[in-house]
Amino acid sequence: MILTDTATLAMLASHRWVAGPLLIFIATWLSGCGEPSSKDVAASKKSAAEWFFDPGDAKSPPFVHHAGDPFDFFMPRSLGSGVAILDANLDGMMDVFCLQNAGWNSGQTHVLFLQNTEGAFVPAGPEFGLSVDGHAMGVSAGDLTNDGYPEILVTGYLKTQLFLNLAGQGFRDITTESGLDNPEWGSSCSMLDYNRDGWLDIVVANYIEYAPTVDCSGKDGKREFCGPDGFPPAVPKLFQNKGALNQGMPTFQDTTVASGLASHPGPGLGVACYDFDGDGWVDIFFADDAKPNRLFMNQQNGKFEEQALKRGIALDAMGQTKANMGVGVGDINSDGLIDIFVTHLVTERHTLWQQGPQGMFSDRTAPLGLNQSSWRGTGFGAVMADFDNNGFSDLAFVNGDIRADATQSAALSSNAEAFWKRYGQRNQLFSNQGNGKLVDISQQNPSLCAEKGVGRGLAVGDLNNDGYLDLIVTRIEAPLQMLFGKQPSDTTAAHWISVRATLPDAGGRDDYGAEIKLMAQERTFHGWLNPGASYLCSNDPRVHFGLGKITQVDTVEVRWTDGSLEQFEKLSIDRHHTLQKGKGRAVTEGKP
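What counts and how
Residues numbered from 1 in each chain as written. Predicted model: local features only at pLDDT ≥ 70, side-chain atom pairs only at ≥ 80, totals over all residues. Heavy atoms only, no water. Domains from an automatic or database assignment. Contact = heavy atoms within 4.5 Å. Buried area = accessible area lost by both parts, 1.4 Å probe. Salt bridge = Lys/Arg side-chain N within 4 Å of Asp/Glu carboxyl O. Disulfide = S-S within 2.5 Å. Helix = DSSP H or I, 4+ residues; strand = E, 2+ residues; numbered from the N terminus. Buried < 20%, exposed > 50% of the residue type's maximum accessible area, 1.4 Å probe, protein only. 1 Å grid on protein atoms, 1.4 Å probe; cavity = no way out; pocket = protein on both sides within 12 Å on 5 of 7 lines; lining within 4 Å. Points joined across faces, edges and corners; volume = space filled by probe spheres on them. Nonpolar A, V, L, I, M, F, W, Y, C, P; charged D, E, K, R; others polar. pLDDT = per-residue confidence, 0-100. Core = buried A, V, L, I, M, F, W, Y, C linked by side-chain atoms within 4.5 Å.

Draft legend 1. Inspection of the domain arrangement of the chain at higher detail. Split into domains, the chain comes out as domain 1 (50-403 + 415-483) and domain 2 (493-584). The distance between the C-alpha centroids of domain 1 and domain 2 comes to 22 Å. At the junction of the two partners, domain 1 supplies 64 residues and domain 2 supplies 33 residues. Summing both sides of the interface, domain 1 and domain 2 together bury roughly 3,600 Å²; the carbon and sulfur share of this comes to 53%. Contact with domain 2 buries surface across domain 1, with Arg196, Tyr274 and Asn389 losing the most and accounting together for 14% of the total. In this structure, the connection of domain 1 to domain 2 is made through zero salt bridges.

Draft legend 2. Region of the structure containing the state of the cysteines. Scanning the entire structure with this criterion turns up one disulfide. There is a disulfide in this structure between Cys216 and Cys226, and the S-S distance comes to 2.0 Å. Because the torsion about its S-S bond is 95°, the bridge between Cys216 and Cys226 counts as right-handed. Residue Cys216 is found in strand S13 (residues 216-217), and its partner Cys226 is found in the loop between strand S14 (223-224) and strand S15 (237-241); the two are separated by ten residues along the sequence. For Cys216, a relative accessible area of 21% gives the class partly exposed. Here Cys273 is not cross-linked by a disulfide; its sulfur's nearest cysteine counterpart is in Cys189, at 9.7 Å.

Draft legend 3. Spatial organisation of empty space enclosed by the protein. Using the criterion set out here, one finds seven cavities of 30 Å³ or more in the structure. Together, 40 residues line the largest cavity, and Val329, Met384, Ala385, Val543 and His544 are the ones closest to its centre. Element by element, the count of residues in the lining of the largest cavity is highest for strand S36 (residues 523-528), at six residues. When its residues are assigned to classes, the lining of the largest cavity shows 18 nonpolar, 16 polar and six charged. Considered as a void within the structure, the second largest cavity measures approximately 160 Å³ in volume. In terms of lining residues, the second largest cavity is bounded by 17 residues, among which Asp275, Gly280, Gly513, Ala514 and Glu515 are the most central. Residues of the lining of the second largest cavity, tallied by class, amount to nine nonpolar, three polar and five charged.

Draft legend 4. Main features of the confidence of the model for the chain. With 90% of its residues at a pLDDT of 70 or more, the chain shows a mean pLDDT of 91. Considering only residues more than four positions removed or in separate chains, one finds that residues 1-33, a stretch of pLDDT under 50, has 38 contacts. Within the model, pLDDT remains below 50 along residues 40-45, and this stretch shows nine contacts once partners closer than five positions in the same chain are excluded.

Draft legend 5. A look at the nonpolar core. Of all hydrophobic cores here, the largest spans 38 residues; its most connected members are Ile202, Leu518, Phe545, Leu547 and Val558. Mapped by element, the contributors of at least two residues to this core are strand S9 (161-165), strand S11 (186-192), strand S12 (201-206), strand S33 (495-503), strand S35 (515-520), strand S39 (543-548) and strand S40 (555-559). Here this core gets four residues from one element, more than from any other, and that element is S33. Residues from two domains meet in this core; each of domain 1 (50-403 + 415-483) and domain 2 (493-584) gives at least three.

Draft legend 6. Main features of unusual backbone geometry. Cis peptide bonds are those with omega within 30 degrees of zero, and the linkage from Gly80 to Ser81 qualifies with 0°. Topologically, Ser81 is positioned in the loop between strand S2 (64-65) and strand S3 (83-86). With an omega of 0°, the peptide bond running from Gly356 to Pro357 counts as cis. Along the chain, Pro357 turns up in the loop between strand S23 (351-355) and strand S24 (361-363). Located in the positive-phi region is Ser534, a residue other than glycine, with phi close to 65°. Structurally, Ser534 is set in the loop between strand S37 (532-533) and strand S38 (537-538).

Now the structure itself:
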C-alpha cells in the first residue's frame, strides 16, 4: 500500500510516535519493494558460493519433530517447537537438545544428543532424565546454580519445566522444588541477571489464554488453526533466582507483579534480553503476535517500565501492528548499537528496527533492502550473525505458514506429514554487503532455502568448532535439519574469533548480559552475550566475530554484567577463546 491521501498523511504525521519513521518509510517505499533490482542480483551473484552444507546422516541428530494428530486443529500444534545448543557435560563440544510437541502420554519425548569426539550426535537415553513428552514450545539453557553446568528450561502449553544439571551426568526435574510455577501457554524464554546479583533469573513470554473448545476457519470457510485474535493476551513471567540455597538447587521467587511486567500483558512469541540503552542493565523485549511489541526498560531497582512506543519499536514505519514472532538481534550496520529484526506473516513485511541514537529505534527495513526478496513467507526463527566471516552481520530466517496453501489439495488423510506439507514454505538468507544493503541470496543457498517446510525454530552455533557458524532448523512433522557453515575457497578473507566471557567466582558460568568490544586494525566490533533469541530457541553461548581480512586483534574489552570493564590484549585469530573475569586489565570508563 502507498499512502497518497494527504489528509491521511497529515493525520498520521500528527502522531509524534509515527511521524519520523513514516517520513523515512515514504521516502524509501518505492525503491524498497518488489523484486530484487539488477544491482541486487549482481551482488547476489558475487555471493554465489553456497554458505552451508548438509553433513549427512552420520553427523546429524536422528530426530523428527512430531506435533501429534493435526486434525483436531489444536492451536499449540501449529506453533512449536524450538531447539537448544549447549555444552551439557562441559567437554568442549556443543550438544543439541530437541523438543517434541505431540502431547502428553504420546510417547514422543524430548531428546538430548551428546556430541562425541568424532562429531556425531548420540542420543543420551532415558536415564539422562530428559525423555519427557508434552506440548513443548521453547527452551533456554544456562547455569542457574553457579556450578558451571547449564540447566535446561522448557516452556509449553500449560506447563513449564526446569531440569537441574547433575554435573554432566544427567538431569532432574526440579520445577516444583525450585518454586517455578507457570501454568500458562509459555512460548520463548530466556535467562538474565536483571538485578545484577550474580544469579541468572528467568523470563517467560506467555502467549494467550487459549480455549481449545473454540473452532476457527480460514477465508475459504474450512476449519483451520486459530490465530491470537479473540483470545485474551497472557501475562509474562519473571522469576528472580534467590540462589542455590537448597543443597545446590536454585530457588525462585515470582517477581512478575513487583517488577511491573504484570501490568502489560501481551501475546508474546519472541523474547530477547539485552541492554538496549547502554546503561549497563539488561532490558526485556517481547515480540507480540498481532499486537504492538513491548520493551521493558530496567529501572535498576528491580522494576521495569514499558517504553516500546516512545522508543520507536512498538510499531512499524507505517504505525501499524504486525504478527510479530521471531527475534534476530545484532549490529547490522556495525555502529556498536543493538538492532532488532522481527519476522511476520507472509502477507506482511518482516521488519528491521535499527538503533540510533542510543536507546531509540526506527524501521529501516526498506532502506536496507529487506523488501527486495525473491519470495515471501511467514517467518518464525531468525538469526542475525556473520555467516561468511566477512566482518558484517547477515540475516537468516525460517518460514512456515499458519494457514494451509489453498492451491494445494485440501483432501485430508490420516497422514500427518501430508497434512503439514500444505503449510510448507522456503527459508530465506540475506547477505550483508557492508555498504548499508542486505541482498537476498536464498536462491544461491539451496541447502537452507530450496526445500519447503513448516519452519519454526532456528538456532545458531559453531557445532564443529571450525569457526564457521552452523544452523539448526526445526520443522513440524519433519526431520531436524542441521547445516554446517561451508569454508570459503579464500580463507584469507574469512578470518574469525570466538569469545566466551566467564565468571570464575560463579563456577565459571557464562556471563549472560556481558558486552564484548573487539578492536582490530582500525575497526571496532561489538557482540552481546545471551543465547536466548530467535524463536523458541537457545543458541551457542559463545560470541562469534567474523573478521574478513583482518589478521590481528589488538584489544578485546569486556563490560561484565556487574558494570566493571576489563581489557584483554593480543588474542589470536581463528581460535575460540575463554576470557575470565579478573584475568584482564581493569579499566575505568574511557580511560584504558
